[in-house]
Amino acid sequence: MNLTHQGSHREHNLRVIFHSRPGVNGEPTADNFKTEECPMPDAESLPRGFLMIKNLYISVDPALRCRMNEDTGVHYMKAYQLNTPVDGLGGVGEVMASADPKIEVGDIVSATFLWPWASYFTIESTNVRKLQKDLFSQHPSLALSLLGGTGLTAYLGMVERGHVTREGQQTVVVSSAAGATGSVAGQVARILGAKRVVGICGTEEKCCILTRELGFDTAINYKKDDVAAELTKACPEGIHVYFDNMVQNGHVILCGQIAMYNKDVPYPPPIEARLKEILQERNITRERFLVLNHAEKFEQSLSVLAEWYAAGMIKVKETVVEGLGNAPKAFASMMRGGNNNIGKLIICVNQP
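Residues numbered from 1 in each chain as written. Predicted model: local features only at pLDDT ≥ 70, side-chain atom pairs only at ≥ 80, totals over all residues. Heavy atoms only, no water.

A positive phi angle, close to 55°, is found at Q169, a residue other than glycine. Its location among the elements puts Q169 in the loop between α3 (149–161) and β12 (171–174). On the basis of relative accessibility, which here comes to 41%, the residue Q169 falls in the partly exposed class. In this structure, S176 takes a positive phi of about 45° despite not being glycine. Relative to the helices and strands, S176 resides in the loop between β12 and α4 (180–192). (Helix = DSSP H or I, 4+ residues; strand = E, 2+ residues; numbered from the N terminus. Buried < 20%, exposed > 50% of the residue type's maximum accessible area, 1.4 Å probe, protein only.)

The subject of this paragraph is the pattern of salt bridges. Tallying each qualifying case throughout the model produces twelve salt bridges. Across the pair K317 and E213 runs a salt bridge whose closest N-O atoms are separated by 2.9 Å. Of this pair, K317 sits in the loop between α8 (298–310) and β18 (318–322) while E213 sits in the loop between α5 (204–212) and β14 (218–221), and the two are 104 residues apart along the sequence. Exposure remark for E213: the relative accessible area of 34% places this residue in the partly exposed category. One network of salt bridges, with partners in common, ties together E204, K224 and D225. (Salt bridge = Lys/Arg side-chain N within 4 Å of Asp/Glu carboxyl O.)

Bringing α3 into the picture now. Counting along an α-helix, one turn takes 3.6 residues, and residues three or four places apart therefore face a common direction. When you tally the buried positions in α3, you get ten out of 13 residues, the bulk of the element. Taken residue by residue, α3 has T150, G151, L152, T153, A154, Y155, L156, G157, M158 and E160 as its buried positions. H163 lies just past α3 and shows a positive phi near 55°.

Another aspect to go through is the sheet that holds strand β2 (residues 13–18). Strand order in the open sheet made by the three strands is β3-β2-β5, with antiparallel pairing throughout. The open sheet has two edge strands with one neighbour each: β3 (33–38) and β5 (84–85). The sheet contact formed by β2 and β3 spans six bridges and is antiparallel. Across the sheet, residue V16 finds its bridge partner in β3, namely T35. (Pairing = 2+ DSSP bridges.)

The next point concerns the packing of aromatic side chains. In the structure shown here, the tally under the stated rule is six aromatic pairs. Each ring, one from F33 and one from F331, has its centre 6.0 Å from the other, and the planes form 85°; the classification is edge-to-face. Of this pair, F33 sits in strand β3 while F331 sits in helix α9 (residues 327–335), and the two are 298 residues apart along the sequence. For the pair F33 and F331, a shared accessibility class is recorded, and that class is buried. With a centroid separation of 5.7 Å and an interplanar angle of 65°, the aromatic rings of Y155 and W308 are classed as edge-to-face. On the criterion of sequence distance, the pair formed by Y155 in helix α3 and W308 in helix α8 is long-range, its members being 153 residues apart. The two residues Y155 and W308 agree in class, both being buried. One aromatic cluster in this structure is built from F18, F33, Y80, W117 and F331. (Phe/Tyr/Trp six-rings, centres within 6.5 Å; stacked < 30°, edge-to-face > 60°.)

What follows covers the nonpolar core. Residues M158, V172, V188, L210, L305, W308 and I314 are the most contacted members of the largest nonpolar core, which totals 45 residues. At the level of secondary structure, the elements contributing two or more residues to this core comprise β4 (50–59), α3, β12, α4, β13 (196–201), α5, α8 and β19 (344–348). Looking at this core, the element that brings in the most residues is α4, giving six residues. Leaving out residues up to four positions away in the same chain, V188 has contacts with A154, Y155, M158, L305, W308 and I314. (Core = buried A, V, L, I, M, F, W, Y, C linked by side-chain atoms within 4.5 Å. Contact = heavy atoms within 4.5 Å.)

With that settled, the discussion passes to the confidence of the model for the protein chain. Model confidence for the protein chain is summarised by a mean pLDDT of 85, while 82% of its residues fall at 70 or above. Highest mean pLDDT in the protein chain belongs to β2 (98); lowest belongs to strand β16 (residues 246–254) (44). Within the model, the stretch residues 243–250 combines pLDDT values under 50 with 32 contacts to residues more than four positions away or in other chains. (pLDDT = per-residue confidence, 0-100.)

Inspection of the secondary structure puts S125 in the loop between β10 (120–124) and β11 (129–130). With relative accessibility at 8%, the residue S125 sits in the buried group. Side chain to side chain, S125 and D100 meet in a polar contact 2.6 Å long. When neighbours within four sequence positions are excluded, S125 is seen to be in contact with G49, F50, L51, D100 and I103. (Polar contact = N/O pair within 3.5 Å; in protein donor to acceptor, adjacent residues only side chain to side chain.)

Given below as structure tokens:
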């Protein structure tokens, strides 16, 4: 076995434990989790094919709320068990010890699933991917935002479900537009050729960021404005992609509805009979979008997003919270629509 490692580690190791479930239709709180000290992995006795990882960044995602229930309702995510360590939907780490000859100490790796919320941990090398140093050396957390699941969901959602093209002259409305996926999706729609891009968010600050920094034509504050009236003004020709008062042959893309995750209803949530009639009359699709169903297009899609980023055509917004111990509080704030969260919410566990 080829075992390499980097020095000895005297640092304390911390991990997050799932402590309790929220009540029915309840918002999660930081008290649903607890942080505890745990043993440092033994770099000297890694099984063949395993890595010891120093955690750099973890992704904080709304979908984790589903894992707090006794049943997630989906086949691709398992529910958290009480008093067991938490793992998330993505992270970036530095290899501190390797029992895989293809991965060296100092490599930066990432994973999409089963990334532990711990300062240091071990993981099978087959579950991670090495990050290209030329792309990620200065900005490793891009693997969790634009050049990860968030960017893929935004890009493939607009291409595969929104059918946005320059020839279509579409008006695109993006909900939660200042969030991780929404902030990218609006920019993707613009680059693909949408005629008009409108965002919906919850503060005036976020509205300003959408229009002044991210290229949205208009932003609507749903906490202050009459959304229906503002959409009528902002979209005089109707809405081709997204929701409400849509034109003939439009598309609604359901790639996650954070407002519904705290409610005890099926997903996608049911709609009124009259709204069903409108969708049928106008030939509007309302499809659930799961990015995992398009894995064969990941490499090409990430290449496109990387080109756009390198060319300055797309901007990345991240809210970075320092310290693993702050992850539960940050997650709970996000699920309440935290006013200070803009773009992708990321926890910096250790400095690169």
